[in-house]
Amino acid sequence: MNTQVIWRDEVPLLKLSGRFDAHGVAAIRGWLRDMTAVARPRLIIDLGAVEYIDSAALGLLVASLKRCRERGGQMVLTSLAQPVRIIFELTQMDQVFPIAASEAMAWAAFTPEPGRIG
Amino acid sequence: MKAENSSLTVALVTTHPPGRGTLNEYGFHLVRALSRKAELKRLILLVDELPAGADYDLEDALVPVHVEPCWRFGDWRNPLRILRAVRRLKPDVVLFNIQFASFGPDKVSAALGLAAPMLLKAAGIPTAVLLHNIMETVDLAQTGFAGHSVTAALIRFFGNVMTRALLRSDFLALTMPKYVEILSEKYGAGNVLLAPHGAFEAGPPPDPEPSAVRPRILTFGKFGTYKCVEPLIEAALVLRAGRHPDMELVIAGSDSPNTPGYLAGVRKRYGHQPWISYTGYVAEQDVPGLFREAAVVVFPYTSTTGSSGVLHQAGSYGKAAVLPRIGDLAELITEEGYAGEFFEPEAPHSLARALARLLDDDDRRRRIGRQNYLAARGLLIDDVADWYLLHLARILKE
């Protein structure tokens, strides 16, 4: 899995590509823990180029969302690729996570209701 | 730190040790995970009644836990008794940890118990169900519920009715993607979701090699219906007569509620064999040692009823598995990243060959054990508990 971080107005956007599985989880777990350890963390994760996601990866996203909310912050997912979208629908996590249709919408709407943004 | 839903009181309808009902092991670990979630205000356990003198003993809970024994395996009144307990204790939401035979050994009590979620929902109580199996994939004859095709057809009809009743819940969580697809397509259900089984234990990679000098084979479960140890004993006899004369076999667990006296019958049939150990019921604290000392974990099943908790445990301890070539287990292997050797169900020589492939090849056994460890470590039941809390918070918000 490849990763890239883009910062804008002190908000990081993590772009993931390739297979997001147990190995990918190990690669970004520490970074996500750091990003969600602050007060009112804000975070965007772009899953547009993820070809495969397993339960361990989804578990990490859920744990990160929970930490963000515990600290009064928000985590937004954006640009779900088809394989990712299928897993989110199967687990109905698409009804739990704020999901933006595009990167621009993710930046624009940062405290949305759970569900799709735009 | 308190979360946004810190006022949530959850009631969990489940079995739990020292109760010996099916899913008690899963219930133990789910309860342990939930009882450590700071976002819970209170956890209410609606558990089965224990024999006189026995008592529930929960440890390490970080949130207040109230234990309410309010139902009994085989009791036709279970739905009403659960409803009464819920009305009295007033949880925000109720979650059931069940399978089709959770509430009784006979068709009537089992079916009536499954009506409890619908009853609660009709009473205006937010209700969710974690269902570990679905009727569509259960072999009724093998699991001891129907020996005749007409009986099986009748049970399937009522099974469909009960599935529709369970679907009246706010959501129905299933542990396998295939189950979600089947119920979504057959019943047009939009409230079915996947919630993986989750591994019970987290920790460093265990030593894949047992300390015992003699190779020890472990099987663990509730035996007598579709989990039968005779083919395993026959396979062990084959191996002991050949390259593994010191092989030991540990049969851990007790009779299925549907087949009381099964293991006593097996012991009588095979007589005293010092290399076979029958542990009987295994207390939670004895489970780790049981797995650590095993070289291989065997699943002598002729059918399955859902995602296997024992397979997740075998993976947690880095053990290679020997599994039958049948539906659910094979799918679980591929979908969740596990590996194992396969055998034809009820064929002792096929099972002996599968065992030999692992016992004779240390590298292969260790490699499969490591793969199973990685698969089990992927998603812990502690993470799965978070999934449930998020979904429960969602339905309350809706």
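Residues numbered from 1 in each chain as written. Chains lettered and ligands numbered in written order. Predicted model: local features only at pLDDT ≥ 70, side-chain atom pairs only at ≥ 80, totals over all residues. Heavy atoms only, no water.

**Description of the overall build of chain B**
Part 1 of the argument: Counting its regular elements, chain B contains 14 helices and 13 strands.
Part 2 of the argument: What you see for chain B is a C-alpha radius of gyration of 21 Å, in line with the 21 Å of a compact globule of 398 residues.
Part 3 of the argument: Oriented by its inertia axes, the alpha-carbon framework of chain B measures out at about 65 × 55 × 45 Å.
Part 4 of the argument: Taking all 398 residues of chain B together, 59% fall into the buried category.
Part 5 of the argument: In chain B, 73% of the contacts between residues at least 6 apart in sequence involve partners at least 24 apart. (Helix = DSSP H or I, 4+ residues; strand = E, 2+ residues; numbered from the N terminus. Rg over C-alpha atoms; globule rule 2.2 N^0.38 Å. Buried < 20%, exposed > 50% of the residue type's maximum accessible area, 1.4 Å probe, protein only. Contact = heavy atoms within 4.5 Å.)

**What to know about the nonpolar core**
Part 1 of the argument: Residues Phe20(A), Ile45(A), Leu47(A), Leu61(A), Phe88(A) and Phe97(A) are the most contacted members of the largest nonpolar core, which totals 63 residues.
Part 2 of the argument: Beyond its immediate sequence surroundings of up to four residues, Ile45(A) is in contact with Leu14(A), Leu16(A), Leu32(A), Leu61(A), Met75(A), Val76(A), Leu77(A) and Thr78(A).
Part 3 of the argument: The next biggest cluster of nonpolar side chains, apart from the first, holds 41 residues, and it includes Val13(B), Leu114(B), Ile155(B) and Met176(B). (Core = buried A, V, L, I, M, F, W, Y, C linked by side-chain atoms within 4.5 Å.)

**Some details on the packing of aromatic side chains**
Part 1 of the argument: For the coordinates displayed, the defined rule picks out eight aromatic pairs over all chains.
Part 2 of the argument: When the ring of Phe88(A) is compared with that of Phe97(A), the centres are 5.6 Å apart and the planes differ by 65°; the resulting orientation is edge-to-face. For the pair Phe88(A) and Phe97(A), one class covers both residues: buried.
Part 3 of the argument: With centroids separated by 5.8 Å and ring planes inclined at 70°, the aromatic side chains of Phe220(B) and Phe291(B) adopt a geometry described as edge-to-face. One end of the pair, Phe220(B), is in strand E8 (residues 216-223); the other, Phe291(B), is in helix H9 (residues 287-292), with 71 residues separating them in the sequence.
Part 4 of the argument: For Phe220(B), a relative accessible area of 10% corresponds to the buried category.
Part 5 of the argument: A relative accessible area of 0% places Phe291(B) in the buried class.
Part 6 of the argument: One aromatic cluster is present, formed by Phe220(B), Phe291(B) and Tyr317(B) through successive ring pairs. (Phe/Tyr/Trp six-rings, centres within 6.5 Å; stacked < 30°, edge-to-face > 60°.)

**Section: helix H2 (residues 78-89) of chain B**
Residues and elements named next belong to chain B.
Part 1 of the argument: Relative to the 16 Å expected for twelve residues at 1.5 Å per residue, H2 spans 16 Å between its end C-alpha atoms, a close match to the ideal helical length.
Part 2 of the argument: Structurally, H2 contributes buried residues whose contacts are with strand E1 (8-14), strand E2 (40-48), strand E3 (65-71), strand E4 (93-98), helix H3 (107-114) and helix H4 (116-122).
Part 3 of the argument: Two residues or fewer after H2 comes Lys-90, characterised by a positive phi angle close to 55°. (Expected span 1.5 Å × (residues − 1).)

**What about the packing of helix H7 (residues 230-240) of chain B against helix H12 (residues 348-359) of chain B?**
Residue and element names in this part refer to chain B.
Part 1 of the argument: Taken N-terminus to C-terminus, the directions of H7 and H12 make an angle of 60°; their axes are 8 Å apart at the nearest point. In terms of axis orientation, H7 runs oblique to H12. In terms of crossing hand, the pair formed by H7 and H12 is right-handed. Here Pro-231, Leu-232, Glu-234, Ala-235, Val-238 and Leu-239 of H7 come into contact with H12, specifically with Pro-348, His-349, Leu-351, Ala-352, Leu-355, Ala-356 and Leu-359. (Axes fitted to C-alpha atoms, helices over the stretch in contact; angles between N-to-C directions. Parallel < 35°, antiparallel > 145°, perpendicular 65-115°, else oblique. Left-handed = near helix turned anticlockwise from the far one by under 90°.)

**Considering the sheet that holds strand E5 (residues 127-131) of chain B**
All names here are of chain B.
Part 1 of the argument: Spatially, seven strands are ordered E3-E2-E1-E4-E5-E6-E7 in an open sheet, and the strand pairing comes out parallel. The open sheet terminates on both sides in strands that have one partner only, identified here as E3 and strand E7 (192-194). Put simply, the sheet's adjacent strands are angled 25° from each other on average, direction ignored.
Part 2 of the argument: Bridge analysis of E4 against E5 gives five bridges, and the strand direction is parallel. From the neighbouring strand, Val-94 faces E5, where its bridge partner is Thr-127.
Part 3 of the argument: Helix H6 (residues 177-187) contacts strand E6 (171-174) and E7 of the sheet and is inclined by roughly 165° relative to E7. (Pairing = 2+ DSSP bridges.)

**Some remarks on the interface of chain B and chain A**
Part 1 of the argument: Taken together, the contact pairs 23 residues of chain B with 18 residues of chain A.
Part 2 of the argument: Summing both sides of the interface, chain B and chain A together bury roughly 1,800 Å²; the carbon and sulfur share of this comes to 64%.
Part 3 of the argument: Counting every contact that joins chain B to chain A gives two salt bridges.
Part 4 of the argument: One salt bridge connects Glu39(B) with Lys66(A), and the closest N-O pair in it is separated by 3.4 Å.
Part 5 of the argument: Taken together, the links from chain B to chain A amount to eight residue pairs in polar contact (both at pLDDT 80 or more).
Part 6 of the argument: Breaking the side of chain B that touches chain A down by element, the ones donating at least two residues are H6, E7 and helix H14 (381-397) of chain B.
Part 7 of the argument: In terms of residue count, the dominant contributor to the side of chain B that touches chain A is H14(B) (six residues).
Part 8 of the argument: Among the residues making up the side of chain B that touches chain A, the classes are represented as eleven nonpolar, four polar and eight charged. (Buried area = accessible area lost by both parts, 1.4 Å probe. Salt bridge = Lys/Arg side-chain N within 4 Å of Asp/Glu carboxyl O. Polar contact = N/O pair within 3.5 Å; in protein donor to acceptor, adjacent residues only side chain to side chain. Nonpolar A, V, L, I, M, F, W, Y, C, P; charged D, E, K, R; others polar.)

**A short note on the environment of Phe20(A)**
Residue and element names in this part refer to chain A.
Part 1 of the argument: The topology assignment puts Phe-20 in strand E2 (residues 11-20).
Part 2 of the argument: On the accessibility criterion, Phe-20 (0% relative accessible area) is buried.
Part 3 of the argument: The spatial distance from the C-alpha of Phe-20 to the C-alpha of Met-1 is 6.1 Å, given a sequence separation of 19 residues.
Part 4 of the argument: Here Phe-20 is in contact with Met-1, Val-25, Ile-28, Leu-47, Val-50, Tyr-52, Ile-53, Asp-54, Ala-57, Leu-60 and Leu-61, once residues within four sequence places are set aside.

**Quick notes on the pairing of E6(B)**
Residue and element names in this part refer to chain B.
Part 1 of the argument: Residue alternation in E6 divides its side chains into two sets, Phe-171 and Ala-173 and Leu-172 and Leu-174, and both sets are buried.
Part 2 of the argument: Relative to E6, E5 runs parallel, the two sharing four bridges. Across the sheet, the residue bridging to Val-129 is Leu-172, located in E6.
Part 3 of the argument: In this sheet, E7 lies alongside E6 in parallel orientation, the contact comprising three bridges.

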